[in-house]
There are 2 protein chains.
Amino acid sequence: MTQPRRARKAAPGPSADAAARVPMREALAEAAFQLFLERGFERTTVDDIVARAGVGRRSFFRYFPSKEDAVFPDHERCLAEMTAFLDGHADGDPLERVCEAARIVLRMYAANPEFSVQRYGLTREVPGLRTYELSVVRRYERTLAGYLRGRYGDAPDASLRAEVIAAAVVAAHNNGLRGWLRSGGQGDAEGAVEHAFALVREVWSGRGGPRAVVSAAGDAGEGGEVVVMVAARSTPLWRVVQRLETALADG
Amino acid sequence: MTQPRRARKAAPGPSADAAARVPMREALAEAAFQLFLERGFERTTVDDIVARAGVGRRSFFRYFPSKEDAVFPDHERCLAEMTAFLDGHADGDPLERVCEAARIVLRMYAANPEFSVQRYGLTREVPGLRTYELSVVRRYERTLAGYLRGRYGDAPDASLRAEVIAAAVVAAHNNGLRGWLRSGGQGDAEGAVEHAFALVREVWSGRGGPRAVVSAAGDAGEGGEVVVMVAARSTPLWRVVQRLETALADG
């Protein structure tokens with residue numbers, strides 16, 4: 001199969017008849033992708049694409065600003081979906097929310113393994129597509145960072161913390177996604193990304209990863225001081241207590 | 001002052017007479033930058049640049065693959081310097097090493113505040129330059145991640161951990177750098193970036209930040225199990241010990 005299947009969902013757009021236009025947009029994206037695989041991205045012209053799709057040349061540019069956009073036809077919709085999700089969830093743990101938002105991107109890839117894997121191969125070969133992809137990834141990252149910044153409000157270093165955490169979440173997501181793409185779309189994409197998110201969660205929310213037992217006593221509350229105690233599991237309890245007493249006295 | 005000053009250092013390149021060519025390369029970069037500021041990036045042609053620099057058209061492409069490259073004439077040298085630094089420092093704390101490597105980039109910007117600030121303004125206005133900059137940032141990030149991956153060796157999730165930490169370091173660096181650029185190059189660029197690195201260090205190396213007291217009892221060693229205990233500073237010690245006992249029994 002060389003045709004990308006895509007979710008039957010209207011692309012977001014300013015036009016009132018956007019939904020009606022979806023079939024032509026899909027037809028163009030499918031014709032473009034077939035041709036890129038057959039002839040290569042650089043050697044395929046917009047004229048080739050509209051000829052294959054059986055539409056006029058201007059139709060292409062009505063849907064896609066460039067050839068690159070036709071390779072990633074779902075990112076605009078996905079960005080809009082992510083933004084809508086975050087706009088509607090200004091509650092709960094902020095880190096969990098951005099992980100949930102990132103899963104929207106993952107599901108877009110995982111919904112169509114063959115297309116995603118073929119596109120991954122194409123993107124590796126064409127520098128212009130890699131650059132395009134970097135820009136898209138950056139837009140997701142900015143969306144997540146913007147959300148976190150809003151959630152952190154006036155907290156010290158809100159902006160710094162938002163940007164660093166968004167970058168970590170995106171890097172974790174991409175590590176899991178890339179592993180799945182390299183495996184040819186075999187295996188569990190969601191599991192790989194969850195595993196990667198667990199690492200980010202482990203360090204950023206202070207909760208336990210696979211090698212740590214975490215226990216919380218009392219509630220420090222917003223801005224309260226906390227004591228973090230790290231000990232080998234084999235350490236005798238008396239020694240842990242001794243260290244804790246020293247830490248509390250010195251702190 | 002509208003002319004970029006740059007360190008008197010030979011650009012790395014395959015040519016044996018690279019050092020001798022530096023003056024022409026600098027002259028081209030300076031002419032290009034002046035013109036971009038005067039006329040705008042898009043409206044400046046390579047013919048304009050070579051006319052201003054007083055050299056032939058082919059000279060431009062001998063030094064710069066594209067107009068975009070002439071806006072960022074030092075990144076290749078900086079990437080080479082970062083790679084050389086990391087190649088020579090396969091010791092010490094890996095996170096500290098990548099922070100040191102990222103400081104090489106910062107120093108390149110901070111060495112020439114006026115040029116850096118003007119270029120920042122230009123880059124905000126020209127989408128092609130923003131995309132170019134994203135590609136450069138990605139190369140730095142890959143260099144740092146590659147180093148960390150090598151240092152982590154066969155540890156579980158070495159690749160994931162390397163990519164997430166490299167992304168966090170780059171995001172922290174860019175947050176500090178961007179703040180300094182937005183201030184018009186006033187203030188302490190290195191201080192801003194050190195502050196940002198401190199956040200990454202706080203979570204990734206398990207050392208204490210301003211709000212946490214961290215105490216380590218015993219040595220878990222490579223791959224050993226650890227107990228992490230988080231408690232409000234106001235929690236009574238007996239309650240902390242009770243929770244620790246429960247955690248050790250359940251874990």
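As the structure is a computational prediction, the values presented were derived from the model and not from experiment. (Residues numbered from 1 in each chain as written. Chains lettered and ligands numbered in written order. Predicted model: local features only at pLDDT ≥ 70, side-chain atom pairs only at ≥ 80, totals over all residues. Heavy atoms only, no water.)

(A) Up close: the environment of Tyr109(A). Residue and element names in this part refer to chain A. Summarising the element assignment, Tyr 109 is placed in helix 6 (residues 94-110). The class for Tyr 109 is buried, based on a relative accessible area of 7%. The spatial distance from the C-alpha of Tyr 109 to the C-alpha of Gly 185 is 9.4 Å, given a sequence separation of 76 residues. Among all residues touching Tyr 109, those that are not within four sequence positions of it are His 75, Ser 116, Arg 119, Glu 133, Leu 177 and Trp 180. (Helix = DSSP H or I, 4+ residues; strand = E, 2+ residues; numbered from the N terminus. Buried < 20%, exposed > 50% of the residue type's maximum accessible area, 1.4 Å probe, protein only. Contact = heavy atoms within 4.5 Å.)

(B) Representation of the packing of helix 10 (residues 189-204) of chain A against helix 10 (residues 189-204) of chain B. It is the contact of helix 10 of chain A with helix 10 of chain B, at a shortest axis distance of 8 Å, that shows an interaxial angle of 100°. Considering the angle they form, helix 10 of chain A stands roughly perpendicular to helix 10 of chain B. Residues Leu199(A), Val203(A) and Trp204(A) of helix 10 of chain A lie in contact with helix 10 of chain B, whose contacting residues are Leu199(B), Val203(B) and Trp204(B). Here the contact of helix 10 of chain A with helix 10 of chain B is composed, by residue class, of six nonpolar, no polar and no charged. (Axes fitted to C-alpha atoms, helices over the stretch in contact; angles between N-to-C directions. Parallel < 35°, antiparallel > 145°, perpendicular 65-115°, else oblique. Nonpolar A, V, L, I, M, F, W, Y, C, P; charged D, E, K, R; others polar.)

(C) Structural context of the UniProt feature "DNA-binding region" (unreviewed entry) in chain A. Residues annotated in UniProt with the feature "DNA-binding region" (unreviewed entry) correspond here to residues 45-64 of chain A. Helix and strand shares over residues 45-64 of chain A are 75% and 0% respectively, and the end C-alpha atoms of the span are 13 Å apart. (UniProt positions renumbered as here; feature names shortened; annotations may be inferred.)

(D) Spatial organisation of the packing of aromatic side chains. Per the counting criterion, the structure on display carries ten aromatic pairs over all chains. The interplanar angle of 45° and the centroid separation of 5.6 Å between the aromatic rings of Phe60(A) and Phe64(A) together place this pair among those described as tilted. A single burial state applies to Phe60(A) and to Phe64(A), both of which are buried. One aromatic cluster is present, formed by Phe60(A), Phe61(A) and Phe64(A) through successive ring pairs. The ring centre of Phe41(B) lies 4.3 Å from the NZ or CZ of Lys67(B), which sits over that ring. (Phe/Tyr/Trp six-rings, centres within 6.5 Å; stacked < 30°, edge-to-face > 60°. Lys NZ or Arg CZ within 6 Å of the ring centre and 35° of its normal.)

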